[in-house]
Amino acid sequence: MTILADLHLHSCLSPCGDLLMSPAVIVKTLVERHIRLAALTDHNTALNCPAFAKCCRDAGIAALYGMEAQTSEELHVLCLFSVLQSAMDFCGAWYDSLPDIINKPEITGDQVYVDENDEITGEVKKYLITSASYSLDECAAMMHEAGGLVIPAHVDRPSFSMMSQLGTIVEGDWDALEFMRPQVLQEQKTHPPSDGTLPVRLPRAYPVTTSSDAHYIEHIGRRAFELDIGDMPLVNGDGTTNLAAVRAGLAKRVVQP
């Protein structure tokens, strides 16, 4: 079975996200766009994941929970769990490591979390687009110890990415790498950059994904990717997403350097 997946979605909790991006609206849009597997990944927090979990469960969408973490190198990493409480625990500890910079909604945007009925239940005080004290490698080690997936985000983007912060795609214990333009890997094999920029090359074979990084409703699913999980069930008997099936599907998306 091949399904559509979008593993990078922001809600109204992210200060750069549209306030219309409630979990309920996101899930309604996912259903309309035939996306079967989705992850909510707000900046440095998972506080809208409980509402997302309820909405996905009611809509029959397999959900992953977590955040888009910002490491000490100022690059972004998708941290994903199949168990909601695991995501809440990990992301709560990560939030505690953020600097005590208070958000100013009138300047940097609102950071509100809501229930499944779009009712505001709270507001995050710390500004969420800041770097934690943990490095990229530390983040990966902590995530795998906690049983999650680690996917460095938009690695080919000119900001908050491996290429922008480290100058190259670095080797590490990544479950996949998210690209905005994965075709650049093939293009550069035949047409190396001639403008002096560094080539975007894999240090070794990795699964490669794309996702929407949606902050607005119209962007949901714009770079959704196909995940072939074969005959494996997408959802476990307890209602959690089957990470073994997700990993098996990612293994079929491996790109050679």
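Residues numbered from 1 in each chain as written. Predicted model: local features only at pLDDT ≥ 70, side-chain atom pairs only at ≥ 80, totals over all residues. Heavy atoms only, no water.

Trainee: Just to check I follow, could you spell out the overall build of the protein for this structure?
Mentor: Within the protein one finds eight helices and 11 strands. Rg of the C-alpha trace for the protein: 17 Å, near the compact-globule value of 18 Å for 257 residues, within the 12% margin. Relative to its full complement of 257 residues, the protein shows a buried share of 51%. Summing over all exposed atoms, the protein offers an accessible surface of approximately 11,000 Å²; the carbon and sulfur share of this is 52%. Taking the average location of the 18 positive side-chain charges in the protein and that of its 34 negative ones, the two points are 5 Å from each other. (Helix = DSSP H or I, 4+ residues; strand = E, 2+ residues; numbered from the N terminus. Rg over C-alpha atoms; globule rule 2.2 N^0.38 Å. Buried < 20%, exposed > 50% of the residue type's maximum accessible area, 1.4 Å probe, protein only. Areas by Shrake-Rupley, 256 points an atom, 1.4 Å probe, with all protein chains shown as cover. Lys, Arg positive; Asp, Glu negative; His and termini not counted. Charge placed at Lys NZ, Arg CZ, Asp CG, Glu CD.)

Trainee: I tried to follow the nonpolar core on my own but got confused; where do I start?
Mentor: By size, the foremost hydrophobic cluster in this structure holds 53 residues, and its most contacted members are L30, F52, L177 and F179. Leave out the neighbours within four places in its chain, and F179 touches V155, D156, V184, L185, V200, L202, V208, T209 and T210. With 21 residues, the next largest nonpolar core counts L80, A153, F225 and I229 among its residues. (Core = buried A, V, L, I, M, F, W, Y, C linked by side-chain atoms within 4.5 Å. Contact = heavy atoms within 4.5 Å.)

Trainee: Help me understand the sheet that holds strand β4 (residues 76–81) in this model?
Mentor: Think of a sheet as strands paired side by side through backbone hydrogen bonds, with each pair either parallel or antiparallel. Spatially, β7-β4-β3-β2-β1-β10 is the arrangement adopted by the six strands of the open sheet, whose pairing is mixed. The open sheet is flanked by β7 (149–152) and β10 (225–228), the only strands paired with a single partner. Adjacent strand axes in the sheet meet at a mean angle of 30 degrees, parallel and antiparallel pairs treated alike. With six bridges joining them, strand β3 (residues 62–70) and β4 adopt antiparallel strand pairing. Residue E68 lies in a different strand from β4, and its bridge partner there is L78. (Pairing = 2+ DSSP bridges. Axes fitted to C-alpha atoms, helices over the stretch in contact; angles between N-to-C directions.)

Trainee: Teacher, can you tell me more about the pattern of salt bridges here?
Mentor: Side chains that differ in charge, positive against negative, can pair when their charged atoms come close. Under the counting rule described, the total for this entry stands at eight salt bridges. Between K28 and E32 there is a salt bridge, with the nearest N and O atoms lying 2.7 Å from each other. Of the two residues, K28 and E32 both sit in helix α1 (residues 23–32), four residues apart, roughly one turn of that helix. For K28, a relative accessible area of 53% corresponds to the exposed category. (Salt bridge = Lys/Arg side-chain N within 4 Å of Asp/Glu carboxyl O.)

Trainee: How should I be thinking about unusual backbone geometry in this particular structure?
Mentor: As a rule of thumb, non-glycine residues mostly have phi less than zero, and peptide bonds are mostly trans rather than cis. A positive phi angle is found at D118, which is not glycine, with a value near 70 degrees. In this fold, D118 is placed in the loop between β5 (112–114) and β6 (120–123). With phi around 50 degrees, D213 is a residue other than glycine that occupies positive phi space. By relative accessible area, D213 is classed as buried at 9%.

Trainee: What is the right way to look at the side chain of T45 in this model?
Mentor: Within the element layout of this structure, T45 appears in the loop between β2 (37–43) and α2 (49–59). From its side chain, T45 meets the backbone nitrogen of L47 in a polar contact 3.4 Å long. Among residues more than four places away in sequence, those in contact with T45 are L13, G66, M67, C91 and L128. (Polar contact = N/O pair within 3.5 Å; in protein donor to acceptor, adjacent residues only side chain to side chain.)

Trainee: Any chance you could explain the sheet that holds strand β11 (residues 254–255) here in plain terms?
Mentor: Taken in spatial order, the three strands of this open sheet run β8-β9-β11, and their pairing is mixed. Where the open sheet ends on each side, the last strands, each with one partner, are β8 (177–178) and β11. Where strand β9 (residues 206–209) and β11 come together, two bridges link them in antiparallel fashion. Within the sheet, the bridge partner assigned to P207 lies in β11 and is V254.

Trainee: Could you clarify how one ought to interpret the environment of L9 in this entry?
Mentor: Mapped onto the elements of the fold, L9 is located in strand β1 (residues 2–9). A relative accessible area of 0% means that L9 is categorised as buried. In this structure the C-alpha to C-alpha distance between L9 and M143, which are 134 residues apart in sequence, comes to 19 Å. For L9, the contacting residues outside a window of four places in its chain are I26, L30, A38, A39, L40, T41, D42, S212, A214 and I220.

Trainee: Is there a simple way to think about the pairing of β1 in this case?
Mentor: Moving residue by residue along a regular strand, the side chains alternate between the two faces of the sheet. Burial analysis of β1 places six of its eight residues in the buried class, the great majority of the element. By the bridge criterion, four bridges tie β1 to β10 in an arrangement that is antiparallel. When the sheet's bridge partners are listed, I3 is paired in β10 with L227. The pairing of β1 with β2 spans three bridges and is parallel. Each residue of the ladder has a partner; that of D6, found in β2, is A38.

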